[in-house]
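Spelled out from the first residue to the last, the chains are:
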Amino acid sequence: VGLDIALHAGQIVAEYAGARADASPFFQKMIDAGRLGRKSKRGFYDYSKSPKKVDRSVYELLGWQESKIDDLEIIERCWMQMLNETARCIEDGVIENPNDIDIGVIFGFGFPPFRGGILREADKQGVDYVVARLEDYAEAYGDRLAPAQLLRDMASAGKKFHQIAD
C-alpha cells in the first residue's frame, strides 16, 4: 500500500474514530514530495538498495531527528493500539466473535499468523500487562493510547478474549 492510499484509508478511519486515529500529517508531506513508497521507488525507505534501507533524507524532509526508541516499544505501540481499537469495536457491538476477529486481522491486516491473531496475542501477553503498558504509553505519548474500558474491565476481572464468548 502506498502512502497515498494509507493517507486516504487513515482519513476514512478518522471519520469514525476521531482524533485517536487521525491520519499522520507526515503522509501528506511525503506525498507532496513524490514519496509514495515502493510504487514510486521513494518513501521512508531507499528501494534502490537490497535489502532496502531507511532513507535518511526523510528525517530532514519531515523535520525529524533519529530517536532511540526500543524495538519492543515500537512493536507494542503498533499492535496494542490496534488491539485497543479492536476492543472499542467490541464495545460498540461492531464485532463480537474472538475467532472472527483473529482471522480478520491475520487475513485483512497481515497480523502474523503464527501469533494466532491479535486477541490470542493479548491473551498470551496477559490483558493486565497490555493495560499497564497502554497506560504507560498514554502517559508518555497522549490519550489516544489510553486503554479502552473493555480492556480495563477484563484486566481487573482476570479475563481473556477467548473467554468472552463463553
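Up top is the structure.
Residues numbered from 1 in each chain as written. Predicted model: local features only at pLDDT ≥ 70, side-chain atom pairs only at ≥ 80, totals over all residues. Heavy atoms only, no water.

**Points about the pattern of salt bridges**
Put simply, the rule is: When a carboxyl oxygen of Asp or Glu lies within 4 Å of a side-chain nitrogen of Lys or Arg, that pair is called a salt bridge. Put simply, DSSP H or I for four residues or longer makes a helix, DSSP E for two residues or longer makes a strand, and each gets a number counted from the N terminus. Note on exposure labels: buried denotes an accessible area under 20% of the residue type's maximum, exposed denotes more than 50%, and partly exposed covers the range between, all computed with a 1.4 Å probe on protein chains only.
For the structure on display, the rule yields 9 salt bridges. A salt bridge links Glu73 to Arg77; the shortest N-O distance between them is 3.2 Å. Within this pair, Glu73 and its partner Arg77 are both found in helix α4 (residues 71–91), separated by 4 residues, close to a single helical turn. In terms of burial, Glu73 and Arg77 fall into one category: buried.

**What to know about the nonpolar core**
What counts, and what does not: As used here, the term nonpolar core means buried Ala, Val, Leu, Ile, Met, Phe, Trp, Tyr and Cys residues forming a set that is joined through side-chain atoms within 4.5 Å. The contact rule is simple, with two residues in contact once any of their heavy atoms fall within 4.5 Å.
Counting residues in hydrophobic clusters, the biggest one holds 24 residues, and the most contacted among them are Trp79, Leu83, Ile118, Leu151 and Phe161. Listed by contribution, the elements that provide at least two residues to this core are α4, α5 (98–109), α6 (118–125), α7 (127–141) and α8 (149–157). At 6 residues, α7 tops the list of elements feeding residues into this core. Ignoring sequence-local partners within four residues, the contact set of Ile118 consists of Trp79, Met82, Leu83, Thr86, Ile101, Asp102, Val105 and Phe111.

**A look at unusual backbone geometry**
The phi dihedral of Lys41 is positive, around 65°, even though this residue is not glycine. Within the fold, Lys41 resides in the loop between α2 (25–32) and β1 (45–46).

**With respect to the environment of Gly104**
Along the chain, the position of Gly104 falls in helix α5. Taking the relative accessible area as the measure of exposure, Gly104 reaches 35% and is therefore partly exposed. Placed 14 residues apart in sequence, Gly104 and Ile118 show a C-alpha to C-alpha distance of 9.5 Å.

**Quick look at α5**
To keep it simple, the criterion reads: Multiplying 1.5 Å by the residue count of a helix minus one yields the expected span of that helix. To obtain the arc, one takes the directions from the helix axis to the C-beta atoms. Polar contacts, as used here, are pairs of N or O atoms within 3.5 Å; protein pairs need one atom able to donate a hydrogen and one able to accept it. Residues neighboring in sequence count only if both atoms are side-chain atoms.
An ideal rise of 1.5 Å per residue puts 16 Å on 12 residues; α5 measures up with 16 Å between its terminal C-alpha atoms. The complete set of buried residues in α5 reads Pro98, Ile101, Asp102, Val105 and Ile106. The buried residues of α5 occupy an angular sector of 125° when the element is viewed end-on, so they sit on one face. Set apart from the buried face of α5 by more than 90 degrees, the exposed residues are Asp100, Phe107 and Gly108. For α5, the side-chain oxygen to backbone nitrogen distance between the N-cap and Asn99 is 2.7 Å, and the N-cap itself is Asn97.

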